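Geometric and topological summary
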Amino acid sequence: MTIFSKIIAGEIPCYKIAENDDFFAFLDINPVNYGHTLVVPKVETDYIFDIDDDHLAKMMLFAKRVAKAIKAAMPCRKVGVTVLGLEVPHAHIHLVPLKTEGDMDFRNKISNPDPEKMKQIAEAISENFE
Ligand code: AMP
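These lines cover the structure that appears in this document, whether it is placed above or below. (Residues numbered from 1 in each chain as written. Predicted model: local features only at pLDDT ≥ 70, side-chain atom pairs only at ≥ 80, totals over all residues. Heavy atoms only, no water.)

1. Details of the overall build of the protein chain
For clarity, the threshold we go by: Helical segments are the DSSP runs of H or I of at least four residues, strand segments are the runs of E of at least two, and each set is numbered from the N terminus. Residue contacts are defined here by distance: any two heavy atoms, one from each residue, within 4.5 Å place the two residues in contact. For the area figures, the Shrake-Rupley method with a 1.4 Å probe applies, and any residue is considered shielded solely by the protein chains shown. Here the positive residues are Lys and Arg and the negative ones are Asp and Glu; neither His nor the chain ends is included. Where a charge lies is defined by one atom per residue type, namely NZ (Lys), CZ (Arg), CG (Asp) and CD (Glu).
Counting its secondary structure elements, the protein chain contains three helices and five strands. Reading the helices (α) and strands (β) of the protein chain from amino to carboxyl end gives α-β-β-β-α-β-β-α. Overall size of the protein chain, expressed as C-alpha extent along the three principal axes, is 35 × 30 × 30 Å. By sequence separation, contacts in the protein chain at least 24 residues apart represent 59% of the contacts at least 6 residues apart. By element, 51% of the accessible surface of the protein chain is carried by carbon and sulfur atoms, the whole surface being about 7500 Å². Between the centroid of the 15 positive side chains of the protein chain and the centroid of its 20 negative side chains there is a distance of 7 Å.

2. Regarding the site of the ligand
Just so we agree on the cut-off: Near is defined per residue: the residue qualifies when any heavy atom it owns lies within 4 Å of the molecule or strand. Nitrogen and oxygen atoms within 3.5 Å of one another constitute a polar contact, given that in protein one can donate a hydrogen and the other can accept it, and given that sequence-neighbouring residues count only through two side-chain atoms.
For the ligand, the set of nearby residues contains 17 residues, the closest of which are D28, E87, H92, H94 and K109. A distance of 2.9 Å is found between an oxygen atom of the ligand and a backbone nitrogen or oxygen belonging to G85. One of the side-chain N or O atoms of H94 is found 2.8 Å from an oxygen atom in the ligand. At the level of secondary structure, the elements contributing two or more residues to the shell around the ligand comprise α1 (3–8) and β2 (23–27).

In structure tokens, the structure reads:
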């Protein structure tokens with residue numbers, strides 16, 4: 001069971017944004033920028049491009065709804081999309097609110113984000129999720 005499956009199962013806490021039958025969204029615990037969100041499928045697959053076409057298309061459409069909520073809740077110009085997957089072997093899409101290109105620099109993560117700020121941001125994004 002991956003760490004993300006444990007989060008989805010409620011065994012590990014997270015700053016939850018949204019979920020449906022197939023996907024789950026929550027804040028990255030070491031964000032590159034406040035509002036950095038992960039979208040993960042509930043069924044474990046390591047590599048995102050091993051997911052079947054229909055499920056991958058649905059994952060991107062779910063991520064689109066989450067991105068709209070991030071854009072509504074966070075001051076930003078656009079929401080950036082990245083897939084890395086080098087650390088956690090459970091496919092996920094990174095969504096990051098951007099003002100500048102530097103806001104998407106994965107070498108500069110916030111190692112100790114303010115818990116209260118994370119909680120408020122998760123609530124604000126969640127409230128804007130449609
Ligand atoms: P990568 O697999 O390279 O895309 O990186 C995995 C991402 O998951 C990193 O940005 C981590 O900060 C994030 N991450 C790892 N564990 C957790 C967790 N328990 N809650 C939220 N985000 C996490």
